[in-house]
Amino acid sequence: DIRNDYRVKAVILRVDSPGGSVLASDNIWREIMITRNAGKPVIVSMGDLAASGGYYIAAAADMILAQPGTITGSIGIFGGKMVAEDLFAKVGIGTQTLRRGAHADMNDATRRWTPEERARIEAQLVQSYGVFTRKVAEGRGLDLDVVSRIAQGRVWLGSAALGLGLVDELGGLPEALEAAAKRIDVDLEDIGIDFYPRSRS
């Protein structure tokens, strides 16, 4: 909606997230890139934390601002599953699995992975981590080797992230507004601000 609204000239995306789903992060990353390609600058203003998926989406922005104490980065990925077969047995819950295909039930909570399934999961994690680090490298204009050294799930305070190239400036929403005004070449006093999502009555 914002991308298609001719009145919106720039977007400030407030990120305050410990991360989450790779798919959700990638979908948001894609929408940010489409918005930028439509000619609308996107500036990320980080709150208390922008880690993992929170940093994933920030890497797509034209500019990133963080507070000195913002938990930043955690460029990494992990996965697993809960195995509750002992719990089910303890409370008397029985299960029956119907499957079609050798690994159709590999994420079933009633059993552990086989060695082959564990290898598949590890390969998926390695592949997703590679995508994450490449997107950070491209978005931040850094060599992949540099990103690899500062990634691996590490977290940084915003002040340290600035020196590593993970953020562009230190500051909050007021500084993000100033940056947006500069990007669209408008005086700060002349900017009208809308908040999304719009509050419900």
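Details of the structure are given in the entry above.
Residues numbered from 1 in each chain as written. Predicted model: local features only at pLDDT ≥ 70, side-chain atom pairs only at ≥ 80, totals over all residues. Heavy atoms only, no water.

Participant: With reference to specific residues and values, describe the packing of aromatic side chains.
Facilitator: Per the stated rule, a full pass over the model turns up one aromatic pair. With a centroid separation of 4.9 Å and 45 degrees between ring planes, the pair formed by Tyr56 and Phe132 is classed as tilted. Pair noted here: Tyr56 is in helix α2 (residues 53-58) and Phe132 is in helix α4 (residues 115-140), with a separation of 76 residues, a long-range link. Across the pair, exposure class does not vary: Tyr56 and Phe132 are buried alike. The ring centre of Trp29 lies 3.7 Å from the NZ or CZ of Lys135, which sits over that ring. (Phe/Tyr/Trp six-rings, centres within 6.5 Å; stacked < 30°, edge-to-face > 60°. Helix = DSSP H or I, 4+ residues; strand = E, 2+ residues; numbered from the N terminus. Buried < 20%, exposed > 50% of the residue type's maximum accessible area, 1.4 Å probe, protein only. Lys NZ or Arg CZ within 6 Å of the ring centre and 35° of its normal.)

Participant: Kindly report on the environment of Ile191, identifying the contributing residues and their values.
Facilitator: Along the chain, Ile191 turns up in the segment after α7 (173-183). On the accessibility criterion, Ile191 (23% relative accessible area) is partly exposed. Once the C-alpha coordinates of Ile191 and Ala59 are considered, the two residues, 132 residues apart in sequence, prove to be 25 Å apart. Leaving out residues up to four positions away in the same chain, Ile191 has contacts with Leu177, Ala181 and Val186. (Contact = heavy atoms within 4.5 Å.)

Participant: Explain the pairing of strand β1 (residues 11-17) to me, and be specific about the residues and the numbers.
Facilitator: Alignment of β1 against strand β2 (residues 42-51), held across six bridges, turns out to be parallel. Bridged to Leu13 within β2 is Val44. After leaving β1, the chain enters helix α1 (residues 22-37) and then returns to the sheet as β2, a path that is right-handed. (Pairing = 2+ DSSP bridges. Right-handed = clockwise from strand over helix to strand, strands pointing away.)

Participant: Got a sec to walk through the side chain of Asp108? Specific residues and values, please.
Facilitator: With respect to the helices, strands and loops of the structure, Asp108 is situated in the loop between α3 (85-91) and α4. Looking at Asp108, its side chain comes within polar contact range of the side chain of Thr97, at 3.0 Å. Once residues within four sequence positions are removed from consideration, Asp108 is found in contact with Lys81 and Thr97. (Polar contact = N/O pair within 3.5 Å; in protein donor to acceptor, adjacent residues only side chain to side chain.)

Participant: Talk me through a negative patch on the surface; I want residue IDs and the actual numbers.
Facilitator: Where like charges cluster on the molecular surface, the negative patch consists of Asp185, Asp187, Glu189 and Asp190. By the secondary structure assignment, Glu189 is in the segment after α7. (Patch = residues over 30% accessible without salt bridge, like charges linked within 9 Å, V, L, I, M, F, W, Y side chains within 5 Å. Areas by Shrake-Rupley, 256 points an atom, 1.4 Å probe, with all protein chains shown as cover. Salt bridge = Lys/Arg side-chain N within 4 Å of Asp/Glu carboxyl O. Lys, Arg positive; Asp, Glu negative; His and termini not counted. Charge placed at Lys NZ, Arg CZ, Asp CG, Glu CD.)

Participant: Describe the nonpolar core, naming the residues involved and giving the relevant values.
Facilitator: The biggest cluster of nonpolar side chains holds 28 residues, and the ones touching the most others in it are Val44, Met46, Tyr55, Ile64, Ile75, Val136 and Leu166. Every element with two or more residues in this core is listed here: β1, α1, β2, α2, β3 (63-66), α4 and α5 (144-150). Apart from the residues within four sequence positions on either side, Leu166 is in contact with Tyr55, Ile64, Ile75, Val136, Arg140, Ile150, Trp156 and Ala161. With six residues, the next largest nonpolar core counts Ile43, Met63, Leu65 and Ala179 among its residues. (Core = buried A, V, L, I, M, F, W, Y, C linked by side-chain atoms within 4.5 Å.)

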